[in-house]
Structures are given as C-alpha cells and as structure tokens.
Amino acid sequence: MSDPDTEPFPLLIAVAPSAAERIRLAERLDGIAPLLLVADLDELRRLIAAPQPRAETAPAIGDSSLVIDSARSTARCRSREVDLTRLELDLLTCLTSEPVRIWSYAELHRMVWRDEALEGKADVQSVVKRVRHKLRRLGTGATIDAVRGVGLRLTDRRQPQIGRA
C-alpha cells in the first residue's frame, strides 16, 4: 500500500496580478485540483524556493543598519528580524533603491502593485503604516517620511543594504 504523503498530487498554480482576477480564478477552478494563487512570479519563486540557511554571523555591536533580505522577505537590524509581506518588501526595496529620492504615491503604486490603471494613495498609506511599525520594532534609524504635496522617502543616517544577508 502506498503512503499518501509521498504520492505526487496535482497542483494548479495560477498567476494573476489583481485580487479580483485571483478571486475569479478561484471561483472558476474550484474543485478541479488544489490551487495556488500568486500575484507574480517573484511571489511564486519565494513560495517554492528551498529554505535558505540563516547566516550565523553576529552583527557588529552598535551597528543599526537596516538590512533587507529579499530572498527571505525579511528586514533585520542588529539581532532583531521581522518578516515582510510581498507588498512591504517591494515598497522597502523601491524606497531603498534610490534613498534620497522622493517617490510620488502614483510611482510607488505602479512599482509595488504593478498596476498602471490605479493610483491608490490609500493602498500605499496602508502598507507604509505597517512598514513604519515594523521599522520601529526593529529599532533602526530608518523611517519613511512624508514630504507634503510630493510623496514619500526613506530617511536613514546609514545606507540600507538590499539583498541576501
């Protein structure tokens, strides 16, 4: 008799950028097979990638640099680490790509949600609120500042690092 845990099973993977499209697909494909819905290929890669071993190197004492690990979807400062959602990771990555730049809400929405048609200021503000909270929990000097009438920028005395820690 075969073990059901080791037997292969069908899995349907669908990539749809908007929540409405993912809901529509879920309704249409209900009952066909187990369904994995993702917003983009980057999210799919993060979900199916083999877990990366954690680096065992201790950060330098007093080093309060913000380190964004895109492979693991985390942000770290000193010995503290927080998990990031795809939207939070994409927002932080965007803001740290050009640290002195002020990003408009429309630009951030296009970069993070990859949606040209919408310019959801409320969407951006919601994610910014969550990221600010996580940055405070980390105890980093990095903050997201609103520039009145223009947009948002990441402010930090140190250069944030992006990539695999």
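Up top is the structure these notes are about.
Residues numbered from 1 in each chain as written. Predicted model: local features only at pLDDT ≥ 70, side-chain atom pairs only at ≥ 80, totals over all residues. Heavy atoms only, no water.

The secondary structure content of the protein amounts to five helices and eight strands. From first element to last, N terminus to C terminus, the protein shows the α and β order β-α-β-α-β-β-β-α-α-α-β-β-β. When each of the 165 residues of the protein is scored for burial, the buried share is 31%. Here the contacts in the protein between residues at least 6 apart in sequence split such that 49% fall between residues at least 24 apart. Accessible surface for the protein amounts to roughly 10,600 Å². Of this, 53% is attributable to carbon and sulfur atoms. (Helix = DSSP H or I, 4+ residues; strand = E, 2+ residues; numbered from the N terminus. Buried < 20%, exposed > 50% of the residue type's maximum accessible area, 1.4 Å probe, protein only. Contact = heavy atoms within 4.5 Å. Areas by Shrake-Rupley, 256 points an atom, 1.4 Å probe, with all protein chains shown as cover.)

What follows deals with the environment of Arg78. Note on placement: Arg78 falls in the loop between strand S4 (74–77) and strand S5 (80–83). By relative accessible area, Arg78 is classed as partly exposed at 37%. Residues Arg78 and Ser65, spaced 13 residues apart in sequence, show a C-alpha to C-alpha distance of 7.4 Å. A distance of 3.0 Å separates the side chain of Arg78 from the backbone oxygen of Gly139, its partner in a polar contact. (Polar contact = N/O pair within 3.5 Å; in protein donor to acceptor, adjacent residues only side chain to side chain.)

For Ala26, the location among the structural elements is in helix H1 (residues 19–29). For Ala26 and Leu36, which are 10 residues apart along the polypeptide, the C-alpha to C-alpha distance reads 9.1 Å. Each residue touching Ala26, except ones within four places of it in the same chain, is listed here: Leu35 and Leu37.

By the definition in use, this model includes zero aromatic pairs. Stacked on the ring of Trp103, the Lys or Arg Arg101 has its end atom at 3.7 Å from the ring centre. (Phe/Tyr/Trp six-rings, centres within 6.5 Å; stacked < 30°, edge-to-face > 60°. Lys NZ or Arg CZ within 6 Å of the ring centre and 35° of its normal.)

For strand S1 (residues 12–15) and strand S2 (residues 35–38), the ladder comprises four bridges, and the chain directions are parallel. Following the sheet pairing, Val15 is matched in S2 by Val38. Following the backbone out of S1, through H1 and into the adjacent parallel S2, one traces a crossover that is right-handed. (Pairing = 2+ DSSP bridges. Right-handed = clockwise from strand over helix to strand, strands pointing away.)

Below, the discussion takes up the packing of helix H3 (residues 86–97) against helix H4 (residues 105–113). It is at 9 Å that the axes of H3 and H4 come closest, and there the two elements cross at 125°. Compared by their axis directions, H3 and H4 come out oblique. Regarding H3 and H4, the two cross each other, and that crossing is right-handed. Here Arg86, Leu87, Asp90, Leu91, Cys94 and Leu95 of H3 lie close against H4, whose contacting residues are Leu108, Met111, Val112 and Trp113. Within the contact of H3 with H4, the residues separate by chemical class into eight nonpolar, no polar and two charged. (Axes fitted to C-alpha atoms, helices over the stretch in contact; angles between N-to-C directions. Parallel < 35°, antiparallel > 145°, perpendicular 65-115°, else oblique. Left-handed = near helix turned anticlockwise from the far one by under 90°. Nonpolar A, V, L, I, M, F, W, Y, C, P; charged D, E, K, R; others polar.)

Here the focus is the pattern of salt bridges. Scanning the model with the defined rule gives seven salt bridges in all. When the shortest N-O distance is used, the salt bridge between Arg130 and Glu88 registers 3.0 Å. Residue Arg130 is located in helix H5 (residues 121–138), and its partner Glu88 is located in helix H3; the two are separated by 42 residues in the primary sequence. According to the relative accessible area criterion, Arg130 is partly exposed, its value standing at 34%. For Glu88, a relative accessible area of 1% puts it in the buried group. Taking the shortest distance from any N to any O, the salt bridge between Glu107 and Arg101 comes out at 2.5 Å. (Salt bridge = Lys/Arg side-chain N within 4 Å of Asp/Glu carboxyl O.)

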